[in-house]
Amino acid sequence: MNGALDHSDQPDPDAIKMFVGQIPRSWSEKELKELFEPYGAVYQINVLRDRSQNPPQSKGCCFVTFYTRKAALEAQNALHNIKTLPGMHHPIQMKPADSEKSNAVEDRKLFIGMVSKKCNENDIRVMFSPFGQIEECRILRGPDGLSRGCAFVTFSTRAMAQNAIKAMHQSQTMEGCSSPIVVKFADTQKDKEQRRLQQQLAQQMQQLNTATWGNLTGLGGLTPQYLALLQQATSSSNLGAFSGIQQMAGMNALQLQNLATLAAAAAAAQTSATTTNANPLSTTSSALGALTSPVAASTPNSTAGAAMNSLTSLGTLQGLAGATVGLNNINALAGTINSPEGANLFIYHLPQEFGDQDILQMFMPFGNVISAKVFIDKQTNLSKCFGFVSYDNPVSAQAAIQAMNGFQIGMKRLKVQLKRSKNDSKPY
């Protein structure tokens, strides 16, 4: 059997088959048995060999099964990432084989919070042993060796761990603790990675907001004279007229251009509100409609059209909106543009950990999100790394494209674009 060491009797029902990497290619099952036996009796060792070689050559890794689960865990604790074998540059890698993942440690490991700092490992074992066999119990301690008031407990099976959660979570308040005991499954590596990504995303979003329109907060106090000057500059397409205001607001020409465009819409709303009893949003909506209309952009007599010629960031428009006429007004105003085809986004290069809620939170700052969906592979139940977001207006969609297309999350850059209209594929 290719040197595999087999025994007629069987290992314990809960024994684990372990994968071991970083072993010398010259080692056979005999040397490996000598390495593993100090931790417990070995049931089977099988070196992985390259069958294309003659004779077959070791691939530098093997599977080992001990008679007991305890022996396997003790070997892992003593060898994994600790012991480096002769001639190797990296320490041994030892973990349950993929076939054992259904009973992986992370599925049976509990986090216990709000534990009395007077408790030691034995106290925790006594508290949780009624629910089943405990493989490992560890209290988290600081550099001074004192308990941090929390612990990890690993049971032999997931069912035992679930029973412990049901019976123990918030069942008592321990001495010196401000709230009841917390018993839950410990965070897996995937949970930690997802939380790290979310924190990174939140931080990047904050930086994005600060960089894009953080310096516009004082613009609500712009006097009518400044607004008039902005409008005048827009209508004449004279960017030189911005220079005085540029100093005052600490903004670049592009941001002022966008503010000027918005000023035209704001002035229209103010005029409408003071001269008629009509809905003040109606005129503004036509002004904003002009902003998004390619026809208006080519009309020389249109104030909004002139600004549209040089307007490159509708994303900034929405940020500026909050500073001058109020974000709620703009959202309501934008909602009057009946253009659902231009309000649907296709997003890909999403991190695999992201779900519907994650992309909803990511795209909410740009407007009212009607739906957010990440596509899931039905076979694997994993994300396909792309999804759709729909707004109730196209201005928000453009704002999201401007801000989020190329946005980096971890090692990926998002690609955000308008979803193609169903009519695009029709030949007529």
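Numbering of residues begins from 1 in every chain and follows the order in which that chain's sequence is written. Under the rules for a predicted model, residues below a pLDDT of 70 receive no local features and side-chain atom pairs below 80 are neither given nor counted, while totals for whole chains, interfaces and linings still include all residues. Excluding hydrogens and water, the side-chain figures rest on all heavy atoms present in the structure.

As annotated in an unreviewed UniProt entry, the chain carries the name CUGBP Elav-like family member 2 isoform X8 and comes from Odocoileus virginianus. What the UniProt record of the chain gives under Sequence similarities (unreviewed entry) is the line "Belongs to the CELF/BRUNOL family." UniProt positions are given in the numbering used here, feature names are shortened, and annotations may be inferred rather than shown by experiment.

Draft legend 1. Seen up close, helix α3 (residues 121-128). Burial status follows relative accessibility: with a 1.4 Å probe on protein chains alone, a residue under 20% of its type maximum counts as buried, one over 50% as exposed, and anything between as partly exposed. Segments assigned H or I by DSSP are reported as helices when at least four residues long, segments assigned E as strands when at least two residues long, and all are numbered from the N terminus. All of the buried residues in α3 are I124, M127 and F128. For α3, the angular spread of buried residues about the axis comes to 85 degrees, placing them on one side. The exposed set on the far side of α3, more than 90 degrees from its buried face, consists of N122 and V126. Lining the buried residues of α3 we find β5 (109-113), β6 (134-141), β7 (147-155), α4 (158-168) and β8 (182-185). Structurally, the start of α3 carries an N-cap: the backbone nitrogen of N122 is 3.1 Å from a side-chain oxygen of N120. The arc in question is formed by the directions pointing from the helix axis toward the C-beta atoms. Here a residue-residue contact requires only that any non-hydrogen atoms of the pair lie within 4.5 Å. Think of a polar contact as two N or O atoms within 3.5 Å of one another; within protein, one of them needs to be a possible hydrogen donor and the other a possible acceptor, and neighboring residues in sequence only count if both atoms come from side chains.

Draft legend 2. Inspection of the nonpolar core at higher detail. Ranked by internal contacts, the top residues of the largest apolar core, which has 27 residues, are L345, I359, M362, F363, Y391, M404 and L414. Those elements that place two or more of their residues in this core are α5 (189-213), β9 (344-348), α14 (356-363), β10 (369-376), β11 (383-391) and α15 (394-404). Among the elements that make up this core, the one with the highest residue count is α15 (six residues). In this structure, F363 is in contact with L345, I347, V369, V389, Y391, A400, M404 and V416, ignoring residues within four places of it in sequence. Buried residues of nine kinds, namely Ala, Val, Leu, Ile, Met, Phe, Trp, Tyr and Cys, make up a nonpolar core once their side-chain atoms join them within 4.5 Å. Counting residues in each nonpolar core, the second largest holds 22 residues, with V47, A72, L73 and L79 among its members.

Draft legend 3. View of the sheet that holds strand β1 (residues 17-21). Should DSSP find at least two bridges between two strands, the strands are regarded as paired. Ordered by their spatial adjacency, four strands build an open sheet running β2-β3-β1-β4, and the pairing between neighbours is antiparallel. Both edges of this open sheet fall to β2 (42-50) and β4 (93-96), since each of them pairs with a single strand only. Going from strand to strand, the sheet's axes swing by 25 degrees on average, the running direction of each strand aside. Two strands pair when backbone bridges link them, and β1 and β4 are joined in this way by four bridges, in the antiparallel orientation. Axis geometry follows a simple rule: fit a line to the C-alpha atoms, using only the stretch in contact for helices, then measure angles between N-to-C directions, giving values from 0 to 180 degrees.

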